[in-house]
Amino acid sequence: MAERDRWLFAGAHRVLGSASWGPDVWVGSGECWNYPLEEMKDASELTGRLVVHFTRPGRNSYLNADKWADAITLVAVYARRLAIGDFPGYRAVALTFDELRLVASQGVASWREGLASVGGVYLISDTETGHLYVGSASGAGGLWQRWSDYAATGHGGNIELKAIVNGSGRDRARPFRFSILEIADVHTGEADVLAREAHWKRVLLSRS
């Protein structure tokens, strides 16, 4: 069973309205819409606990539940609700793209404090292709600011990733995994950080 076909139930919600909040950063055109939600308490006991298997039929952002309900099968019901844990330390960071988006959108304090206090060199692994992408962060905001850019766009402005994500749609970023290769003081000069980034690119053969 492919990991990307496993889905965690995030709750049943009632839409309270809608409002446009600017251009769609994923495709560079159109508008993004915000939908204020209210969780329906009748299903809240299963939120964060229910896991199902479902293979998406395409890249449509929204699917009609009535049409696809028969294609969803139960995988597990966990005893406890899953949640993003506290920041585990730099050597133990290994975030999926969905986890990164959750950490960034919720501004989880321990993660924000840990990542904003350092710069350094990081690795993005594309589990769909096996390709590796090495990047770096320096200056104010450190790794937190840089990774927040990835959480918002899927590509963080990286030319190669931008071509992949914008060409295939936002779900293409879901196989990405984020980890830290080495950290640096946020006051470390950009040239020094870039030199370490180049070192890791040579070591990991990410350019080839």
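Residues numbered from 1 in each chain as written. Predicted model: local features only at pLDDT ≥ 70, side-chain atom pairs only at ≥ 80, totals over all residues. Heavy atoms only, no water.

## Side note on the packing of helix α2 (residues 97-106) against helix α4 (residues 142-153)
Next, step 1: The geometry of α2 relative to α4 is characterised by a closest axis approach of 9 Å and an angle of 115° between their N-to-C directions. Crossing handedness for the pair α2 and α4: left-handed. When α2 is examined against α4, the residues F97, L100, R101, V103 and A104 are found in contact with a partner set consisting of W144, W147, S148, Y150 and A151.
Next, step 2: Its residues placed into classes, the contact of α2 with α4 shows eight nonpolar, one polar and one charged. (Axes fitted to C-alpha atoms, helices over the stretch in contact; angles between N-to-C directions. Helix = DSSP H or I, 4+ residues; strand = E, 2+ residues; numbered from the N terminus. Left-handed = near helix turned anticlockwise from the far one by under 90°. Contact = heavy atoms within 4.5 Å. Nonpolar A, V, L, I, M, F, W, Y, C, P; charged D, E, K, R; others polar.)

## Comments concerning the environment of L205
Next, step 1: With respect to the helices and strands, L205 occurs in the segment after α6 (190-204).
Next, step 2: Taking C-alpha positions, L205 is 9.7 Å from V134, a pair spaced 71 residues apart along the chain.

## Here's the deal with the packing of aromatic side chains
Next, step 1: Following the criterion strictly, the structure yields seven aromatic pairs and no others.
Next, step 2: An angle of 70° between the planes, with centres 5.1 Å apart, marks the rings of F87 and Y90 as edge-to-face.
Next, step 3: An aromatic cluster of three or more residues is present, and its members are Y122, W147, Y150 and F178. (Phe/Tyr/Trp six-rings, centres within 6.5 Å; stacked < 30°, edge-to-face > 60°.)

## Structural notes on the pattern of salt bridges
Next, step 1: Applying the stated criterion across every chain yields a total of seven salt bridges.
Next, step 2: Here D149 and R146 are joined by a salt bridge, their closest N and O atoms 3.7 Å apart. Taken together, the residues span about one helical turn, with D149 and R146 both in helix α4 at a distance of three residues.
Next, step 3: A salt bridge links E197 to K201; the nearest nitrogen and oxygen atoms lie 3.1 Å apart. One end of the pair is E197 and the other is K201, both in helix α6 and four residues apart, which spans about a single turn.
Next, step 4: Overall, the relative accessible area of 10% leaves E197 in the buried class. (Salt bridge = Lys/Arg side-chain N within 4 Å of Asp/Glu carboxyl O. Buried < 20%, exposed > 50% of the residue type's maximum accessible area, 1.4 Å probe, protein only.)

## What to know about the environment of R112
Next, step 1: One can find R112 in helix α3 (residues 109-116).
Next, step 2: Once the C-alpha coordinates of R112 and A92 are considered, the two residues, 20 residues apart in sequence, prove to be 15 Å apart.
Next, step 3: Setting aside residues up to four positions removed in sequence, R112 forms contacts with G107 and W144.

## With respect to the sheet that holds strand β7 (residues 73-77)
Next, step 1: Taken in spatial order, the three strands make up an open sheet running β1-β6-β7, and their pairing is antiparallel. Either end of the sheet is taken by a strand with one partner, and the two such strands are β1 (6-8) and β7. Shown here is a sheet whose adjacent strand axes are inclined to one another by a mean of 30°, direction ignored.
Next, step 2: The pairing of strand β6 (residues 50-53) with β7 spans four bridges and is antiparallel. By the bridge assignment for β7, H53 is matched with T73. (Pairing = 2+ DSSP bridges.)

## Some points on the pairing of strand β9 (residues 118-126)
Next, step 1: In terms of burial, β9 is a largely internal element, nine of the nine residues being buried.
Next, step 2: What you see with β9 is no split at all: V118, G120, Y122, I124 and D126 on one side and G119, V121, L123 and S125 on the other are buried throughout.
Next, step 3: Relative to strand β11 (residues 176-185), β9 runs antiparallel, the two being bridged by nine bridges. Looking at β11, one finds that D126 is bridged to F176.
Next, step 4: Relative to strand β10 (residues 132-137), β9 runs antiparallel, the two sharing six bridges. Within β10, the position partnered with V121 by the bridge is S136.

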